[in-house]
Amino acid sequence: MNRRSFLQLLVDEAPLPHYDEVLHDAVANAASPAEVADLHAEHTLALQLRDTLEKRRSRQEQQRALVECAKELAEDRSDPDTILSLIVSQAQRLLGCDMAYLSLNDNAARVTCMQVMVGATSSAWRDVRIPFGIGIGGRVAATGTPFSTPDYFSDERLTHDPVVDASVRAERQLSIVGVPLRTSAVIGVLFAANRTPGWFSHDAIALLGSFAALAATAIEQARSRYDRDQTLTALRQANEALRQRTVDQERAVAAHDQSMAIVLRGGGVQEVVTAAGDQLGGVLAIFDEFETPVAWTPRAPEEVLKAMSVAAGGAHDGAYWVTGLVAGTENLGTLVWEPPVASTEVGDLDRRLLARAAVVASLLQLFSRNLAAAEARVRGELLDDLLTPTPRTYSSLAERALRIGYQPQKRHAVVVAHIRAENRQSLASVASDLAAASDGLSTVRDGQAILVIPSDDPSLTGRRTARSMTMRLGSPVTVGAAGPVDDPADLPAAYAEALACAQALLRLERVGVAATAADLGYAGLLLGDGASAVRFVARTLGPVIRHDEQRSTALMETLEAYFATGQSLVASAKRLHIHPNTVTQRLDRVRRLLGMDWNSPDHTLEVQLALRLHRLGRELDD
């Protein structure tokens, strides 16, 4: 074997035993001891060269791996926590160790704090704070120089701490190396560890140190990027807040201008609701003190308005914004808003705009209420004069009626409304609202509301008035009604009749009911103070009396004979000295005048009572 054989083995990167085989063959063929000595020298030199090449190749591989790790760190743009995890993972891969971990220094507290670990089997390492000078981490953090131990717990160079040792023991670490993470100063420590004893080589320590230098730079860059991103985010947020504040100010100014325009031109609450709805979105509605809607967002669903009415009464689950409309201590109603977003997401500006809308609506409600009160006083004074007539009343009636929109020539029903004394606080305003809504009149006398309302059906008008006032006042309202009348001179008599009906209902304990004299019949005559027998007779037998007067017939005489003889046609004919067929003909005429049911049990008593009162009136006149 010549010398080129060892070189060929080096070129072929042959395994180590092949070198011994070549030496053995060469020695066997050696010609002299000197040649054998040369062969041994060449063999030794070849092995040394092989070790040198292996070390260089290993170092190059480590350098290549280090470069790859550096590229990954340089390319990563994640947050600092992700960078720390990447550093530790790369360190474990570079050294091929059981575990790797990293701590960062808190120079003010003089501790280095565990941050992230790979290869861990427990959580004992989390939140461990290693004081400077304690253990490997504290020693490296304090001195800024690498430190390696083949067996942590038996190394007398180290200062131990129970907490730190407990975390090391939990992971069964023995051989550990720590190198500083350094920029302009030491910012932390990078560790590698194995669960078996043994030294880390100088090359491994140097490699970890080189990687730690790159890692420290990556950490600082990540921190800088994070701080820059946070600053940019804060600036963007501040810019957005400034932009939103500008928008809000513009909305507030526009809302103020719009509100003032509505007030100055004498607008109503419907305009306020519409304008506020355009600004806020969602659905808005204004309810009076009786939870009755007076203005609402156009095309608002009926079921939403019903739910908002409940909310206006104080029963709601937080889905609505409810704002009271007040002036001093006077309750003017409620503004209810259903926002287009969740109630918790309503911003400060929207709340301020809602409050402004409530103030403007309160102001307009107060103006409207004061105007209505002034008009109600004028209408009430006119009605008071009409109910207590004097020559002056009628002489100025036309002018006064024209001024307030009252038309006395229309047919009117007169209504008297009674409510218990403790519930009369709003009686006048409710009566005024109802009368004004129908172009009628209202006033209050002796705690009772009197309304004169255009109507051809006093009974229906009375029932509607009782129902409406009961609902708005929250307490039963008893109503007596009379009419219709189309001459103001007849109002006092109609008022007396309606009052008598209301008193009769109260004596009958029919609270919350409405009735006319026709509804009550003789009961109204008997129970009502001021009830008129003449009006009762006229209402019951008026058509028959007028027929006798106009045609000189004897229908009233026939009725008296009919009832006096126990409703016998034959006996009536004998008493009147006429044929029974004539009695039948006269009673048919009465039926046509009084109605089909004039002879029913319900009306017979009233007809007989009216006959007796009529006869008594004639006898007294005679």
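Below, the structure is looked at part by part. Owing to the predicted nature of the structure, the values given are computational and were not obtained by experimental measurement.

## Observations regarding the pattern of salt bridges
Okay, so step 1: Tallied over the full model, the rule gives six salt bridges.
Okay, so step 2: Among the salt bridges present, the one from R129 reaches D106, with a minimum N-O distance of 3.9 Å. A residue pair is termed long-range when its members are at least 10 positions apart, and R129 in strand β3 (residues 129–131) and D106 in strand β1 (residues 99–106) qualify at 23 residues.
Okay, so step 3: Judged by relative accessible area, R129 falls into the partly exposed class, the value being 44%.
Okay, so step 4: In this structure, R411 and D456 form a salt bridge, with 2.6 Å as the shortest nitrogen-oxygen distance. With R411 in the loop between α12 (397–404) and β11 (412–418) and D456 in the loop between β13 (448–454) and α14 (458–473), the pair connects residues that are 45 residues apart, well separated along the chain.

## Notes on unusual backbone geometry
Okay, so step 1: Look at the link from G483 to P484: it is a cis peptide, with omega at 0 degrees.
Okay, so step 2: Residue position: P484 is located in strand β14 (residues 478–485).
Okay, so step 3: Of note in this structure, D127 is not a glycine but carries a positive phi near 65 degrees.
Okay, so step 4: Here D127 shows up in the loop between β2 (111–118) and β3.
Okay, so step 5: In this structure D127 comes out as exposed when scored by relative accessible area, which is 71%.
Okay, so step 6: In the Ramachandran plot, R172 falls in the positive-phi region, its phi being about 60 degrees despite a non-glycine side chain.
Okay, so step 7: Its place among the elements puts R172 in the loop between α6 (162–170) and β5 (175–182).

## Some remarks on the environment of N105
Okay, so step 1: Within the secondary structure, N105 sits in strand β1.
Okay, so step 2: Along the backbone, N105 and L181 are 76 residues apart, and their C-alpha atoms lie at a distance of 9.5 Å.
Okay, so step 3: Discounting residues that sit within four places of it in the chain, N105 has contacts with V111, T112, F132, A141, V186, I187 and G188.
Okay, so step 4: Within the structure, N105 has its side chain in polar contact with the side chain of T112 (distance 2.9 Å).

Thresholds applied
- Residues numbered from 1 in each chain as written.
- Predicted model: local features only at pLDDT ≥ 70, side-chain atom pairs only at ≥ 80, totals over all residues.
- Heavy atoms only, no water.
- Salt bridge = Lys/Arg side-chain N within 4 Å of Asp/Glu carboxyl O.
- Helix = DSSP H or I, 4+ residues; strand = E, 2+ residues; numbered from the N terminus.
- Buried < 20%, exposed > 50% of the residue type's maximum accessible area, 1.4 Å probe, protein only.
- Contact = heavy atoms within 4.5 Å.
- Polar contact = N/O pair within 3.5 Å; in protein donor to acceptor, adjacent residues only side chain to side chain.

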